[in-house]
Amino acid sequence: MPAAARTYWLTTPCRIRRKDQSLLIERVDGAPVHIPITDVRDIVCCDTADINTAVISLLNQHRINVHFLSHYGDYAGSLLTSDTSTSGQTVLAQARLTDDPAASLVIARAIVTGAAANVRRVIDRRLLARPLEVLEASVAEATTREQLMSAEGNFRRAAWAVLDTRLPDWLQLHGRSRRPPANAGNALISYVNGIVYARVLSALRLTPLHTGLSFLHSTMERQRHSLVLDLAEVFKPLFAERLLLRLAGRGQLKPAHFDIDVNQAMLSEPGRKLVVQTVRDELAVTIQHRTLNRAVAYDELPYLEALQLTRTCLEGTPYKPFRIWW
């Protein structure tokens, strides 16, 4: 995974222009920011952005993707460069695996149980021990993706109920709601999940895998990259629920960080800046990887997960999803 370049986060409305071999970020409330194109790995736009064809041409030359989050923080789409990492051999192997109901179900089961284990690790190991056991039993008996998704949904509802007991009243979820989020807690989780989706998409684009061939989510999903949805499941708890608990526990989140209306809520501009900075700091955190025996940043974990899935497709090695071990 490229280490020299870095991700740029645009949290306010801006216009992106090209100046020779550099990007010029023009903002209403500040001086233009000059960025050498070689310093950019990808860009995440958390507010409206104006881009012209000259910029698109430069981005494509350097294989730089731009991800956009919607008004409510959901993933809105991406400006993706030409796909040069995809390998025909890998895609064929991936297609054969996803088309094999038995083999595909094994990987889907691993994704569901791995994601649930991470949720339990983040929220409450004791109170979610029994719901996780129920999930694992249901997953073992499941014979279709729909049954797996149903079992996951039951576990998630139990987890959100436990999560509410650890949050102040005004941040409690009262069940998951999306597009738009119904309250402040849901708004923050949706926003961070959108960022996680964009990070996983960037990681997958560096591998030979095809983002439209998945194991858990339907491959008929036309507006989203279904394989990204699969892999994002195991990483959402590491960032969304975990950071919600941390920010709430430290008293860093205030009502002013949200714009709340009847049955809908979103992060305000100060709220977006706080959450984006918190996620950026978290992505830079390093841990000692148990297999590689070296320091690995959180930002590299989705890429390593994608590489593991690539080996599963090509070599048939069992897929073991990422689990929080620290």
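Presented here is a report on the structure given in the accompanying data block. (Residues numbered from 1 in each chain as written. Predicted model: local features only at pLDDT ≥ 70, side-chain atom pairs only at ≥ 80, totals over all residues. Heavy atoms only, no water.)

**Digging into the overall build of the chain**
Turning to step 1, where the next piece is worked out: A count of helical and extended segments in the chain gives nine helices and twelve strands.
Turning to step 2, where the next piece is worked out: Relative to the compact-globule value of 20 Å for 326 residues, the chain shows a C-alpha radius of gyration of 20 Å, a close match.
Turning to step 3, where the next piece is worked out: Taking the principal axes of the C-alpha coordinates as reference, the chain spans close to 60 × 50 × 40 Å.
Turning to step 4, where the next piece is worked out: The buried share of the chain, taken over its 326 residues, is 54%.
Turning to step 5, where the next piece is worked out: Contacts in the chain between residues at least 24 apart in sequence constitute 63% of all its contacts with a sequence separation of at least 6.
Turning to step 6, where the next piece is worked out: Looking at the chain as shown, the accessible area adds up to about 14,900 Å², and 51% of this sits on carbon and sulfur atoms. (Helix = DSSP H or I, 4+ residues; strand = E, 2+ residues; numbered from the N terminus. Rg over C-alpha atoms; globule rule 2.2 N^0.38 Å. Buried < 20%, exposed > 50% of the residue type's maximum accessible area, 1.4 Å probe, protein only. Contact = heavy atoms within 4.5 Å. Areas by Shrake-Rupley, 256 points an atom, 1.4 Å probe, with all protein chains shown as cover.)

**Section: the packing of aromatic side chains**
Turning to step 1, where the next piece is worked out: Per the stated rule, a full pass over the model turns up five aromatic pairs.
Turning to step 2, where the next piece is worked out: Taking 4.2 Å as the distance between ring centres and 45° as the angle between the ring planes, the aromatic pair formed by tyrosine 75 and tyrosine 197 counts as tilted. Of the two residues, tyrosine 75 sits in strand β8 (residues 75-79) while tyrosine 197 sits in helix α6 (residues 184-204), which places them 122 residues apart along the sequence. The two residues tyrosine 75 and tyrosine 197 agree in class, both being buried.
Turning to step 3, where the next piece is worked out: Here the aromatic rings of phenylalanine 322 and tryptophan 325 are separated by 6.3 Å at their centres, their planes lie at 70°, and the arrangement is edge-to-face.
Turning to step 4, where the next piece is worked out: Judged by its relative accessible area of 6%, phenylalanine 322 falls in the buried class.
Turning to step 5, where the next piece is worked out: Overall, the relative accessible area of 22% leaves tryptophan 325 in the partly exposed class. (Phe/Tyr/Trp six-rings, centres within 6.5 Å; stacked < 30°, edge-to-face > 60°.)

**Structural notes on helix α4 (residues 129-141)**
Turning to step 1, where the next piece is worked out: Over its 13 residues, α4 runs 19 Å from end to end, which matches the ideal 18 Å to within 8%, given 1.5 Å per residue.
Turning to step 2, where the next piece is worked out: Where α4 is concerned, the buried positions are Pro131, Leu132, Leu135 and Val139. The arc that holds the buried residues of α4, viewed along the axis, is 100°, so those residues lie on one side. Away from its buried face by more than 90 degrees, α4 exposes Arg130, Ala140 and Glu141. (Expected span 1.5 Å × (residues − 1). Arc of directions from axis to C-beta.)

**Quick word on the pattern of salt bridges**
Turning to step 1, where the next piece is worked out: Per the counting criterion, the structure on display carries 15 salt bridges.
Turning to step 2, where the next piece is worked out: Across the salt bridge formed by arginine 199 and aspartate 299, the nearest N and O atoms sit 3.4 Å from each other. Residue arginine 199 is found in helix α6, and its partner aspartate 299 is found in the loop between β12 (295-297) and α9 (301-315); the two are separated by 100 residues along the sequence.
Turning to step 3, where the next piece is worked out: Residue class for aspartate 299 comes out buried when judged on its relative accessible area of 15%.
Turning to step 4, where the next piece is worked out: Between arginine 294 and glutamate 300 there is a salt bridge, and its shortest N-O distance comes to 2.8 Å.
Turning to step 5, where the next piece is worked out: A cluster of three or more residues bridged by salt bridges with shared partners is formed by Arg41, Asp42, Arg199 and Asp299. (Salt bridge = Lys/Arg side-chain N within 4 Å of Asp/Glu carboxyl O.)

Function-wise, these values are silent; they only describe arrangement.
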